[in-house]
Structure formats: structure tokens, C-alpha cells
2 protein chains.
Amino acid sequence: MQKKSEPTIHDIARELKISASTVSRALQHNPRISVKTREKILAMADTIGYRPNVLASNLRNKKSNTIGIVVPLINRYFFSAVISGVEDVAFSAGYTVVISQSNDLANKEISIAHSMFSNRVDGLIISIAMEPTNFEHLKAFRKKNIPLVFFDRVVPEIDTNKIVVDDFMGGFRVTQHLIDQGYQRIGHMAGPQNLITYSDRKNGYKEALEKNGIPFDESLVVTNSLTAGDGVNAIQHLMNLPWPPDAIFCGNDTTALSSMIYLRDKGIRIPEEVGIVGFSNEPFSRVVSPSISTIAQPGFVMGQKAAELILNQIAHKDKTFTTMVMPTELIIRESSNRRKV
Amino acid sequence: MQKKSEPTIHDIARELKISASTVSRALQHNPRISVKTREKILAMADTIGYRPNVLASNLRNKKSNTIGIVVPLINRYFFSAVISGVEDVAFSAGYTVVISQSNDLANKEISIAHSMFSNRVDGLIISIAMEPTNFEHLKAFRKKNIPLVFFDRVVPEIDTNKIVVDDFMGGFRVTQHLIDQGYQRIGHMAGPQNLITYSDRKNGYKEALEKNGIPFDESLVVTNSLTAGDGVNAIQHLMNLPWPPDAIFCGNDTTALSSMIYLRDKGIRIPEEVGIVGFSNEPFSRVVSPSISTIAQPGFVMGQKAAELILNQIAHKDKTFTTMVMPTELIIRESSNRRKV
DNA sequence: AATATTTATGCAATCGATTGCACAATTCTG
DNA sequence: CAGAATTGTGCAATCGATTGCATAAATATT
């Protein structure tokens, strides 16, 4: 056998004086091939260093056995937990998971989506970036009937499977807790209101105020992208109001942390003078001093369920979709625990 | 045109009464195709909703335009920074980056490597899991001359490109700093000694002791997998010695944090009674109280350089390899700053 | 032993994009 | 205007694995 860069099934077939289709079937454990023939084929494959070419079989089968997952940032605890949940279920089902991160940038997300579209992912699981787009890059998946699942940050106008946490109830619970702690003027750092994740949290906040007869004051709400820097600017702004708040419901733990550092530097005591609650239960929230009250989201389980949804969509091409709502959990720690009992 | 599940270049060609090869060349912007013909083709492609099939072109070109990257854990700051650096360079060069995490498990890493091997990644960038293996799954890449770059945790016996931080000097600097702070009995939480990342750090520790005339005491070294739980067990063990240490050099910030929490619960003052230094500069180390001294690694830049190495290897099939050593930076914070002046 | 049934294998086409080489069409030059 | 050079396009093969249908080989039945 002459020097050839990569052995193929044809090389195995030639060596054994059989046909390539027999080789292929044997490698696939097809019961129509005898055990004896199969063992000869496997041995020859090993001898010549045969390596399956998945590109070829994927093209023939019109299936890549790949699920794409796009998250805003991989090093955020919640998103990495969701990824681990997806991987858990997808790997068990024989799928490769392709992870990409948009860094919360719209054009990055568009580029990633196009790449996954052309690479023929069998399905896409995505939490969209904060920057708004017209979502044509995601509508293309629906048009070609490629399975699509949104998680956490969803696009309401695209009809497909979705899995979210109860952001409304999360915002409501945080605000109710702060009211129960005797805080009377509660501010809110809200994420971009074009994402219903954040508008739901704000709506929960407003509902809790209303239920407790506290008038909603728009000047106590700051809308930003919830970065650490945005948190510093926002807390500065809020504390410089003529009548500053005595508690803040922050849209995520990152801005909660920024607020706490700022307040500590100003000599303002937490939770005695100002209460702080975040969202998403980043690992640091437990270990900082004072520890940060927050809302926990079931990331890993959400990932598992998202993977189950997409696998089901791939297998059955369902035309009916569901939106799963996962419960959140209020975790009370030092930063908002004024009434220690 | 009859209903067909996916339009191909043949459909475009049929509609325009030209050949498919012209369509292909036009879509590739081949200068041999006139602008007029190309515009007609692009318009028809848009009209019929044509989507390139990358599976087919990858098979034909024997190239997947994909770089695989395998890290132990994606939510570790250092690894996510490296990933971002790789993405930055690889995307610009037209490559897709496929990210996988081994969760520090050997069999998971083997499974991932096999999948990437069959999927014909054009190159693999990897930081190996803590669990030891015989590395046959990685040697296979070298055998097929598939570009391979190790970063941080490397396999010395595999001859290929590597990029590491100076772990020896990191360990040396930490230990020298603790000695300069007047600590006299310095313990060390070392990672698995089969990985030279951790054996280098320990060697740096030992060298600093020797340089300062302090005898090395094996009982002050605990070897484990550097998880949070391992950290608790190790600090407990060290503090229960007949003659406990007055400072600890922890193999990572996770175990440094575990140690701090344990000591705080025991009412032991940090850094007055016991000094703590970690490694890897996790974001939480800056914000906990006391803030944790640590070693910073240039993750993003390392990722960029790893990507450059692999792209170069892909382009030139070099037979000579290099090991790049990146400097570390000692960041002194509260946890080891006993002598404030 | 002849026939029927079951098991095992082979041929040829498919998947969809790319490209070398040949040739057609157009433009340039003497 | 004729020949040479350049531009533009088509044919057919390739990439490597899979699989429907036909047929050969082996086994079971009468």
C-alpha cells in the first residue's frame, strides 16, 4: 500500500478484498455483518491507523450531531452552570456541544449565529446579548425549522421553546423582603428594559411597592447594562439624590458588589443604614463581608431541561412550543438582614 | 421548482441555466467570474434561500476551520480569560472555536479528545485535567501531525508547542514575600505533583526556604486536588499539627479562601497571626475581607499567543516547537500584609 | 437432493461543495 | 483582419462515509 495521507474505509476494504460498504456496516455494528468479518475489519482498521471522518458521515446523514450554545459570558456562574447542565444531557445523547460567548455584543452574536447556521448545528440553545437587534439571525433558524431554545434572556416575538426563571416573582420577593426589613425608600438598578428578564424584575419590584401602599418613584430606578462600572455610577447617582434610598434592589450581584464597596468607602453601614440585595447568586456573594443577599437561579437544572427540550425538538420536529418557568429562591444574608430577630 | 428540503448550488445553477461550478466560484468571489454573473447568482441565492453547506466544503477541502480548546473548568477566571484570548485571534483568522471542559476528569478529557479527533479539528489547544492518564488520546494528535498546543498544565513527554507561566518563580516569590513579612513557619497546599504546574510551584517554595536558611519540613506540605473541600481539610490538618504554620502558600485562590473562612471561624486573625497567599487571582480575591494576596497570570494574552502558535502550526506544519514562559505577578493584599510600612 | 428461507455481502448512487483542465468567448495587438 | 492573449465558463472527478436494492452464499425444510 502506497504512502497516503489518511487511510479510509476503502483502504481497509482493499486489504481484506471486500467492499467498502461492508467495512462501513461493520464499523457501525450493523447486525447484517458477521462477527468474524467485523473482527477482521476492526483489526485492520487498528493496524492501518484508520480514523473515521465525521465530516463525511455528517454530510451523508445531513446531521452534524452538534448542539450550539450561545451565552453572553462564560465566566458568569449562572451561565457556566447552564452550560454544564446542557453538556450533561447532550453528551449522554451522543451530541457534541459547541459553546460560544457573545460578550453581550449584538454583532458578535450575529456572527456566531451565522457560523452555527452554516455549520449545520442540529439545534441552538441561546441566551441573547444585552444589545438589541432585529433578531433576523435567529429568525433564520425558525425559517429553516432548525430547533431553537431560548433560556433566561428570550425573544418574545420568536415562537419556540423557552426556559426562564420567574423574574417577576424574584423582583417581587426581593422588594417584599426589603419592606419587611423596614426599608422605606427602595431603589432599583434595572438592566436594559428591552429584555423581558429585566423588565419582569422591575415589574415585580413595582408590584411589591404597590401591594404595600408605597408610591412608585421613577427617580429611584436606574437603567443600565449592569456592569461593575455601571453599578458604581448608579449607586453614586442614587445616593446623591435629594432624598436618597435606604435600600437597593440590584439587577445582578456584580452591581450589588459595586454598591457595597462604594457605600463601605463612604462609611455608610450595611445593612443598618442601607440594605442591598442582588440577583444570580454569584459565588463571591457568600464570602464577601457583609455577605450579599441575592436570588438564586437553578442554572444546572435549567441547562438540563433546555437540552431535553432541544433533543425532543430535534427528534420530533414538534410544532407546538412551551415556555418553562423555573422558580427562584431568595437567599437572605447579611447585606439586607437589618432585623436579626 | 419542486418542493425540496434545502436548496443547493445546483438549484441556483438550474434557475440561471449555468453550471454549478460557476455558482460555487461566484460564491467564493473567484475573480474568474464576471461581476455581472456573480450578482445574478447572489440575487438568486437570496431569492431561493440558499444556505452554504459547510459540511460539504469542509469535506472537500479536508479542513474544518475549527480549533478545539479543552480546559478543566470554564468558570475559572484564568481559563475563561485564556478562552477569550484564543477566540479573539482565532475568529479574526476565520476559525470557529469549539470549547469543551473536562471538569478535571481524565475520562471526560479522553472522550472530548476523541470527539475532536474524529471531527477533524484543525488544531487543539488544551490544559490537561488533574487526573493522570497515559495521554494516548493526545499522542494520537501528534501521530497524525494535527497541531497541538498545551497551555498551563502540559504533558512534558509530548513534544509540541507549549505556553506556561513561570510557576517556579511564582512559588519562589510568594514564599520570599511571606518570609519578608516575618512569617517563620510556612506551609504549602500543593496540587497533584504529577502536573509540573504544581511541582514547579512547590520547587519555588522550597528554593525560597533554602535561600533563606529555613529547613524544608515535609509535614508542612499537603498535596490534594485544590478543591474548596480539600482546602478545608488541609487547613484543618495543618492547624492541628503540634507546631502549626504561621503562613500558608495555597496552590490556588479557592483553597486560600477556604483557609481564610476556616481561620476566621476559629477566631484566628489574618494576617496578624497567620498569613495567606493564593494563586491565580480569581476576581473574588480582591473583594473578600481581608482581600487575598495572590499571583496573577496573564490569561488573555496567553490565549492570544496560544492561538497564534496553533495558527502558525496549521499554516506551516513546523517540526520545531517552542515553550513560551510568561511572567507572573505577585499581588500583595491584606491577607499577607503584616508589615504595613 | 431439491427447494425455500435466511443471512451476508456488493454495486452504484448519494450527500453538496470544490477545482483542474479543457474549451469557448472576448479583448488586445501588430 | 488575423492571430495571440486574456477572461469566463463547463465537464467531470473528487472528498469519504452511508445505504437501497440486488444478488450471492449459507442454512433450514421437505
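The present account deals with the structure reproduced in this document.

Cut-offs applied
Residues numbered from 1 in each chain as written. Chains lettered and ligands numbered in written order. Predicted model: local features only at pLDDT ≥ 70, side-chain atom pairs only at ≥ 80, totals over all residues. Helix = DSSP H or I, 4+ residues; strand = E, 2+ residues; numbered from the N terminus. Expected span 1.5 Å × (residues − 1). Buried ≥ 20, exposed ≤ 12 C-beta atoms within 10 Å, placed from the backbone. Arc of directions from axis to C-beta. Contact = placed C-beta atoms within 7 Å. Near = placed C-beta within 6 Å. Nonpolar A, V, L, I, M, F, W, Y, C, P; charged D, E, K, R; others polar. Axes fitted to C-alpha atoms, helices over the stretch in contact; angles between N-to-C directions. Parallel < 35°, antiparallel > 145°, perpendicular 65-115°, else oblique. Left-handed = near helix turned anticlockwise from the far one by under 90°. Pairing = 2+ DSSP bridges.

**What to know about helix H9 (residues 196–211) of chain A**
Residue and element names in this part refer to chain A. If you check H9, its first and last C-alpha atoms are 22 Å apart, about what 16 residues at 1.5 Å a residue would give, namely 22 Å. Residues of H9 that are buried include every one of Thr197, Tyr198, Arg201, Lys202, Gly204, Tyr205, Ala208 and Leu209, and no others. All buried residues of H9 lie within an arc of 150° about the axis, which places them on one face of the element. Facing away from the buried surface of H9 by more than 90 degrees, the exposed residues are Glu210 and Lys211. The elements touched by buried residues of H9 are helix H8 (167–180), strand E6 (186–190), strand E7 (221–223) and strand E8 (247–250). Note on H9: the residue one or two positions beyond its end, Gly213, has a positive phi of about 65°.

**Quick notes on the protein's contact with DNA strand D**
Around DNA strand D there are 27 residues in total, and Ser21, Ala56 and Ser57 of chain A together with Ser21 and Thr22 of chain B lie nearest to it. At the level of secondary structure, the elements contributing two or more residues to the surface near DNA strand D comprise helix H2 (20–27) and helix H4 (54–61) of chain A together with helix H2 (20–27) and helix H4 (54–61) of chain B. Counted by class, the surface near DNA strand D contains 9 nonpolar, 12 polar and 6 charged residues.

**Examining the protein's contact with DNA strand C**
Surveying the vicinity of DNA strand C reveals 27 residues, the closest of which are Ser21 and Thr22 of chain A together with Ser21, Ala56 and Ser57 of chain B. Put simply, the parts of the chain that give the surface near DNA strand C at least two residues each are H2 and H4 of chain A together with H2 and H4 of chain B. In terms of residue class, the surface near DNA strand C is built from 9 nonpolar, 12 polar and 6 charged.

**Description of the packing of helix H1 (residues 9–16) of chain A against H2 of chain A**
Any two packed helices are characterised by the angle at which their axes cross and by the distance between the axes. All names here are of chain A. In contact at an axis separation of 8 Å, H1 and H2 are set at 110° when each is read in the N-to-C sense. Classified by the interaxial angle, the pair formed by H1 and H2 is roughly perpendicular. In this structure, H1 meets H2 at a crossing whose hand is right-handed. Note on element contacts: H2 touches H1 through Ala20, Val23 and Ser24, opposite Ile9, His10, Ile12 and Ala13.

**Side note on the sheet that holds strand E9 (residues 275–277) of chain B**
All names here are of chain B. Strands sit in the order E7-E6-E8-E9 across an open sheet of 4 strands; the sheet is parallel. Here the strands that pair on one side only, and so sit at the sheet edges, are strand E7 (221–223) and E9. Along the sheet, successive strands turn relative to each other by an average axial angle of 15°, direction set aside. Of the strand pairs in this sheet, strand E8 (residues 247–250) and E9 are connected by 3 bridges, and their pairing is parallel. Opposite Phe249, over in E9, you have Val277 as the bridge partner.

Without other data, these values stay purely geometric and don't point to any function.
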